[in-house]
Amino acid sequence: MPLNKFINISDLSKEEIEEIINMAMLLKKEAKEGVVRNTLKGKSFALIFVKPSTRTFVSFHVAITQLGGHPISIHQSSMGGRESLHDVAKTLSRYVDGIIIRTFAHEEVEQLSKYADIPVINALTDKYHPCQIIADYMTIKENFNKEKIKIAYLGDGFNIANSLLQLSAITGMDITVASPKGFEPENDMIKEAKHLALKTNSKISITNDPNKAVLGADVVYTDTWTSMGMEEEAKQRIKVFASYQVNQRLFSLANKDAIFMHCLPAHRGQEITDEVIDSSRSVVFDQAENRLWTQKAILQLMYQ
Ligand code: CP
Ligand code: NVA
């Protein structure tokens, strides 16, 4: 598969998603056997992180290094005033072999990719988090081996919910997103997911009822109520989202073998309780680990 960018889950077909997962599983297995790949030997990568990060930043650094490449961290890039996105893209294209970017506006990533002569990877925007969601799909596949998977996503209809809607629609999983009124995913996101779902028979549901969403779910997923950049709204959001907290009572409405998922960072006592995130049903650190394998797989498929 000629993977020349990784910006949005809906840029990918079901087959391409499965190819990334299969490669990630192979790389995970190979690492245990001591196999070393040098796919990125002699290649350099610019990591532009306008927002904070622990998992994405470190796992990309490690992924690039393990594949023999060289990561360069740019914390104060020219983006956002000093020069145009066009000129940043053209300049970086003369030095490095790929750009990994985390920023606010999704349009900036789209534009950077349009002007760059090298692959661009979206490391999170206000609209999408495809690297997280592809790793989550790997984690789901490691836990279930059945035809129909049902996901309940509880909380803010923001970047994680959007990418999860796309993934579910493309791969044929059923998903119910439960958000407070006014915090549902945007209409164009729901419309796109429903359209993609026509091909795979995935069921896309949006509700304001957290209990209804969790009933019969295989996966219960939540994210922070206050995403990066929304800090000023935190107090109000804690009140609005209170009944969407994934606690033992709510989690027990899911299937017996259900797993709990969270992209992290978690806010214990807000969207999730210690009891659930620290339970044997929680796979949050498997999700974090699988960021490494799926990102290595993306890089492998881009540069092999
Ligand atoms: N899940 C995730 O993207 O974590 P970071 O914000 O720490 O990168
Ligand atoms: N929705 C969160 C995800 C963090 C990985 C945020 O954007 O802050």
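Use the structure listed above.
Here is what the cut-offs are and how they apply
Residues numbered from 1 in each chain as written. Chains lettered and ligands numbered in written order. Predicted model: local features only at pLDDT ≥ 70, side-chain atom pairs only at ≥ 80, totals over all residues. Heavy atoms only, no water. Near = heavy atom within 4 Å. Polar contact = N/O pair within 3.5 Å; in protein donor to acceptor, adjacent residues only side chain to side chain. Areas by Shrake-Rupley, 256 points an atom, 1.4 Å probe, with all protein chains shown as cover. Nonpolar A, V, L, I, M, F, W, Y, C, P; charged D, E, K, R; others polar. Helix = DSSP H or I, 4+ residues; strand = E, 2+ residues; numbered from the N terminus. Expected span 1.5 Å × (residues − 1). Buried < 20%, exposed > 50% of the residue type's maximum accessible area, 1.4 Å probe, protein only. Axes fitted to C-alpha atoms, helices over the stretch in contact; angles between N-to-C directions. Parallel < 35°, antiparallel > 145°, perpendicular 65-115°, else oblique. Left-handed = near helix turned anticlockwise from the far one by under 90°. Contact = heavy atoms within 4.5 Å. Pairing = 2+ DSSP bridges. Salt bridge = Lys/Arg side-chain N within 4 Å of Asp/Glu carboxyl O.

A. Region of the structure containing the site of ligand 2. Lining the immediate surroundings of ligand 2 are Leu-124, His-129, Phe-158, Asn-159, Asp-223, Thr-224, Ser-227, Met-228 and Leu-264. The side chain of Ser-227 places a nitrogen or oxygen atom 2.7 Å from a nitrogen atom of ligand 2. Protein coverage of the free-state accessible area of ligand 2, which is 270 Å², stands at 96%.

B. Representation of the site of ligand 1. Around ligand 1 sit Ser-53, Thr-54, Arg-55, Thr-56, Arg-102, His-129, Gln-132, Cys-263, Leu-264 and Arg-291, and those are all the residues in its vicinity. Between ligand 1 and the protein, one listed contact pairs an oxygen atom with a backbone N or O atom of Thr-54 at 2.6 Å. A total of 250 Å² of accessible area belongs to ligand 1 in isolation, and the protein chains cover 96% of it. Considered class by class, the residues forming the shell around ligand 1 number two nonpolar, five polar and three charged.

C. Summary view of helix α5 (residues 130-143). Over its 14 residues, α5 runs 20 Å from end to end, which matches the ideal 20 Å to within 8%, given 1.5 Å per residue. With eleven of its 14 residues buried, α5 lies for the most part within the structure. Where α5 is concerned, the buried positions are Pro-130, Cys-131, Gln-132, Ile-133, Ile-134, Ala-135, Asp-136, Tyr-137, Met-138, Thr-139 and Ile-140.

D. Up close: the packing of α5 against helix α12 (residues 284-303). Where α5 meets α12, the axes come as close as 8 Å, and the angle between the chain directions of the two elements is 110°. Looking at the two axes, α5 sits roughly perpendicular to α12. Note that α5 runs across α12; the crossing there is right-handed. Facing Cys-131, Gln-132, Ile-134, Ala-135, Asp-136, Met-138, Thr-139 and Glu-142 of α5, the residues of α12 in contact are Asp-286, Gln-287, Asn-290, Arg-291, Trp-293, Thr-294, Gln-295 and Ile-298. Of the residues assigned to the contact of α5 with α12, the class counts are six nonpolar, six polar and four charged.

E. Seen up close, the sheet that holds strand β2 (residues 70-74). Here four strands make up an open sheet; going across it, the order is β2-β1-β3-β4 and the pairing parallel. Strands with a single pairing partner mark the edges of an open sheet, and in this sheet they are β2 and β4 (120-122). On average, each strand axis in the sheet is tilted by 20° relative to the strand beside it, whichever way the strands run. One ladder, built from three bridges, connects strand β3 (residues 98-102) with β4; its direction is parallel. Across the sheet, the residue bridging to Ile-100 is Ile-121, located in β4.

F. Examining the pattern of salt bridges more closely. Under the criterion given, the structure shown has 13 salt bridges. Of the charged contacts in the structure, one is a salt bridge between Asp-117 and Lys-90, with a shortest N-O distance of 3.2 Å. On the criterion of sequence distance, the pair formed by Asp-117 in the loop between α4 (106-115) and β4 and Lys-90 in helix α3 (residues 85-95) is long-range, its members being 27 residues apart. Asp-117 sits in the exposed class, given a relative accessible area of 55%.

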